[in-house]
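# Structural features, examined
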Amino acid sequence: MKYLKSVVTLRHDEEKCTNCGMCVVVCPHRVFAESGGKVRITERDLCMECGACARNCPFGAIEVEKGVGCAAAIIRGLLTGSEPTCC
Amino acid sequence: MQNQSCCSGEASERQYTANCCGNSSQSCCGDAGQDFGHEQASCCGYSDARTKKWIIGYVPTPVGNVPQVSTQLSFSDKYGFWKCRWSIGRMRYTIDPGLYCVGNPDANSPVLVTANYKMTFDRLRMELSGLDAWIVVLNTYGINVWCAAGKGTFGTEELVNRLHEVRLSDIVSHRTIILPQLGAVGVAAHEVQKQSGFRVVYGPIRACDIKEFLSSGLKAAEDMRTVKFTILNRLVLTPVEIIAALKPMVVVFGVLFMLNAIGLGHYGLVDLYALLGAVFTGAFLTPVLLPWIPGRAFSFKGFLLGLLWAVGVNLINGFPAPVYGWLKAITYILVLPSLSAFFSMNFTGSSTYTSLSGVDKEMRIALPVMIIAVAAGAILTLVNDFILVFG
């Protein structure tokens, strides 16, 4: 299942990347793939901005504006003026 | 393993339990303590085992007895699942954080890490039959692994502290811990290694794949690393959605009832089932039929089904017969799809694949449209009421 196209904030810095493959392991939507020893973003629109890749990248090669894709949380955040957090 | 006495036993154990039960029995043995974890579970295990049927024994370790848990779910465990699915006590369904085990693990046995939401813990242990393993339960305040990782409670700091507190390095000789893959949202594996000396290996997403993961030398197939959202996954989430949606609807029904009571409103059974149908469409039908409804935005999917419902309600009740009235028909067309769209949009939080950027974009368009449509519908229905009373 795919969500909206071309909206995610995921950025992968190939200069900093050492192709360790940690992002490939942790991504729950298989956004990254390794081929020929190089790690690349192959399914960008599948990204849900959970932030697992960025948090587990020891080299700071991934940036993403992490957050919960939860409408109720965003509304709660708007009403209370705080960051959207789920549950 | 069966040594269940709290403050007696062998010298080494006495030393340990004295530590635990000696200084402040209140905090140790009180059942409402927040952060006792390992000590409480081991030290006060005797009473634990009587109240918690899923603790079936104790395994002695150099640092004390560790509760051994059953890999079979009892009726009460399953009843607990059901209650959570219906939003009954869902946010309080916790177990004590700390160290547990299945089977008879030793210093070489694998270590699994999980959250202290009891449904999460139960779904893990039911997949571990025949295994000898340690289970470190983090304090996620009763939230499942993925959501807790998003909040940061299933996180690097809690993990490192908990490993230290349960003295895992005195229990196992290896230095590898297995985390559910979705825990990676909150845990930085390289930080954990630096701070605790334990190497984090991310296991499969679903507990049902753990046996295969362990037997294949800690390798997870692509399929085990991919989050799914099957029709069954979606179906079990809908009762919580329906209950959450009905709460604000009670207010709406209250307002309509008041309008009737003061002699202005003309609301009846049709309005009741029209509105309830919109809730059902948005909070149940759209989630269940999600991948088969055209469009990508959840609110759009909910709007489409809601529109079908609104047209249906109008046709069933005699539209376009003159007696039915255009105002009523237009009101339904404005209000019902908006309600359905709103409750569908709320399902983004339960889904496994929506991003914050995407939901933000969707809401910027959908929310103003819904508000305007519902407000216009409310004005129209009041105009209709006035015409019926005074016209």
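As the structure is a computational prediction, the values presented were derived from the model and not from experiment.

### Quick word on the overall build of chain B
For chain B, the helix and strand inventory stands at 16 helices and seven strands. Within chain B, the proportion of its 391 residues that are buried is 42%. For chain B, the share of sequence-separated contacts (at least 6 apart) that also reach a separation of at least 24 residues comes to 67%.

### Considerations on the overall build of chain A
Helices and strands together make up the secondary structure of chain A, namely three helices and four strands. On the principal axes, the C-alpha backbone points of chain A span a range of 50 × 25 × 20 Å. For chain A, the residues scored as buried account for 43% of the 87 residues in total. The long-range fraction of contacts in chain A, counting pairs at least 24 apart against all pairs at least 6 apart in sequence, stands at 39%.

### Let's talk about unusual backbone geometry
Phi at Asn-19 of chain A takes a positive value of approximately 60°, unusual for a residue other than glycine. Relative to the elements of secondary structure, Asn-19 of chain A occurs in the loop between strand 1 (11-12) and helix 1 (22-26).

### Focus: the interface of chain B and chain A
At the junction of the two partners, chain B supplies 36 residues and chain A supplies 33 residues. Breaking the side of chain B that touches chain A down by element, the ones donating at least two residues are helix 7 (145-151), helix 10 (189-196), helix 15 (326-346) and helix 16 (356-390) of chain B. Looking at which element gives the most residues to the side of chain B that touches chain A, the answer is helix 16 of chain B, with eight residues. Tallied by class, the residues present in the side of chain B that touches chain A amount to 18 nonpolar, eleven polar and seven charged.

### What to know about the nonpolar core
Membership of the largest hydrophobic core comes to 74 residues, with the highest contact counts inside it found for Cys-23 and Cys-53 of chain A together with Ile-135, Val-136 and Val-187 of chain B. Every residue in contact with Val-187 of chain B, bar those within four places of it in the chain, is listed here: Ala-149, Phe-154, Gly-155, Thr-156, Leu-159, Leu-179, Val-192 and Val-200 of chain B. The next biggest cluster of nonpolar side chains, apart from the first, holds 39 residues, and it includes Val-68 of chain A together with Ala-310, Leu-334 and Val-335 of chain B.

### A look at the pairing of strand 7 (residues 199-202) of chain B
Every other side chain in a regular strand lies on the same face of the sheet, so the side chains alternate between the two faces. Residue and element names in this part refer to chain B. Side chains of strand 7 alternate between two faces, with Val-200 and Tyr-202 buried and Arg-199 and Val-201 left unburied. In terms of strand pairing, strand 6 (residues 176-179) meets strand 7 through four bridges, oriented parallel. Its bridge partner being in strand 7, Thr-176 is matched across the sheet by Arg-199. Each parallel crossover has a hand, and for strand 6 linked through helix 10 to strand 7 it is right-handed.

### A short note on the packing of helix 8 (residues 156-165) of chain B against helix 10 of chain B
Residues and elements named next belong to chain B. With their axes 10 Å apart at the nearest point, helix 8 and helix 10 run at an angle of 30° to one another. Of the possible angle classes, the one that applies to helix 8 and helix 10 is roughly parallel. Helix 10 is crossed by helix 8, and the crossing has right-handed handedness. On helix 10, the residues that touch Thr-156, Leu-159, Val-160 and Leu-163 of helix 8 are Glu-191, Val-192, Gln-195 and Ser-196. Looking at the contact of helix 8 with helix 10 residue by residue, the classes come out as four nonpolar, three polar and one charged.

### Digging into the pairing of strand 3 (residues 38-41) of chain A
Residues and elements named next belong to chain A. When strand 2 (residues 32-35) meets strand 3, the two strands line up antiparallel, connected through four bridges. Pairing of Ala-33 across the sheet is with Arg-40, part of strand 3. What sits between strand 2 and strand 3 in their antiparallel hairpin is a turn of two residues, with Gly-36 showing a positive phi close to 60°.

### Concerning the packing of helix 13 (residues 269-289) of chain B against helix 14 (residues 298-316) of chain B
Residue and element names in this part refer to chain B. Taken N-terminus to C-terminus, the directions of helix 13 and helix 14 make an angle of 150°; their axes are 9 Å apart at the nearest point. As summarised for this structure, helix 13 and helix 14 are arranged roughly antiparallel, according to the angle between their axes. Remark: the crossing between helix 13 and helix 14 carries right-handed chirality. Listed contacts from helix 14 to Ala-274, Gly-277, Ala-278, Thr-281, Gly-282, Leu-285 and Thr-286 of helix 13 are Lys-301, Gly-302, Leu-305, Gly-306, Trp-309 and Val-313. Residues that form the contact of helix 13 with helix 14 fall into these classes: six nonpolar, six polar and one charged.

### Let's talk about helix 16 of chain B
All names here are of chain B. Given a rise of 1.5 Å per residue, 35 residues ought to cover 51 Å, and the 49 Å separating the end C-alpha atoms of helix 16 matches this to within 8%. Of all bends in helix 16, the biggest is about 35°, found at Met-363. All buried positions along helix 16 are accounted for by Leu-356, Ser-357, Gly-358, Val-359, Glu-362, Met-363, Ala-366, Met-370, Leu-380 and Thr-381.

### So, helix 15 of chain B
With 21 residues, helix 15 of chain B extends 31 Å between its outermost C-alpha atoms, agreeing within 8% with the 30 Å of an ideal straight helix rising 1.5 Å per residue. With 17 of 21 residues buried, helix 15 of chain B is to be regarded as a mostly interior element.

### Focus: the environment of Asn-314 of chain B
Residues and elements named next belong to chain B. Position of Asn-314 among the secondary structure elements: in helix 14. Between the C-alpha atoms of Asn-314 and Trp-326, which are twelve residues apart in sequence, the distance is 9.9 Å. Setting aside anything within four residues of it in sequence, one finds Asn-314 in contact with Phe-319, Ala-329 and Tyr-332.

### Concerning the confidence of the model for chain B
Residues and elements named next belong to chain B. Summary statistics for chain B give a mean pLDDT of 87 and a share of 87% for residues scoring 70 or more. Across residues 1-46, where pLDDT falls below 50, the model places 70 contacts with residues more than four positions away in sequence or in other chains. For this predicted complex, the interface score ipTM comes out at 0.93, alongside a pTM of 0.84.

### So, the environment of Asp-223 of chain B
With respect to the helices and strands, Asp-223 of chain B occurs in the loop between helix 11 (210-215) and helix 12 (231-261). In this structure the C-alpha to C-alpha distance between Asp-223 of chain B and Ile-56 of chain B, which are 167 residues apart in sequence, comes to 34 Å.

Quick notes on the rules
- Residues numbered from 1 in each chain as written.
- Chains lettered and ligands numbered in written order.
- Predicted model: local features only at pLDDT ≥ 70, side-chain atom pairs only at ≥ 80, totals over all residues.
- Helix = DSSP H or I, 4+ residues; strand = E, 2+ residues; numbered from the N terminus.
- Buried ≥ 20, exposed ≤ 12 C-beta atoms within 10 Å, placed from the backbone.
- Contact = placed C-beta atoms within 7 Å.
- Nonpolar A, V, L, I, M, F, W, Y, C, P; charged D, E, K, R; others polar.
- Core = buried A, V, L, I, M, F, W, Y, C linked by C-beta atoms within 7 Å.
- Pairing = 2+ DSSP bridges.
- Right-handed = clockwise from strand over helix to strand, strands pointing away.
- Axes fitted to C-alpha atoms, helices over the stretch in contact; angles between N-to-C directions.
- Parallel < 35°, antiparallel > 145°, perpendicular 65-115°, else oblique.
- Left-handed = near helix turned anticlockwise from the far one by under 90°.
- Expected span 1.5 Å × (residues − 1).
- Bend = angle between axes of the 7 residues up to and from the residue.
- pLDDT = per-residue confidence, 0-100.

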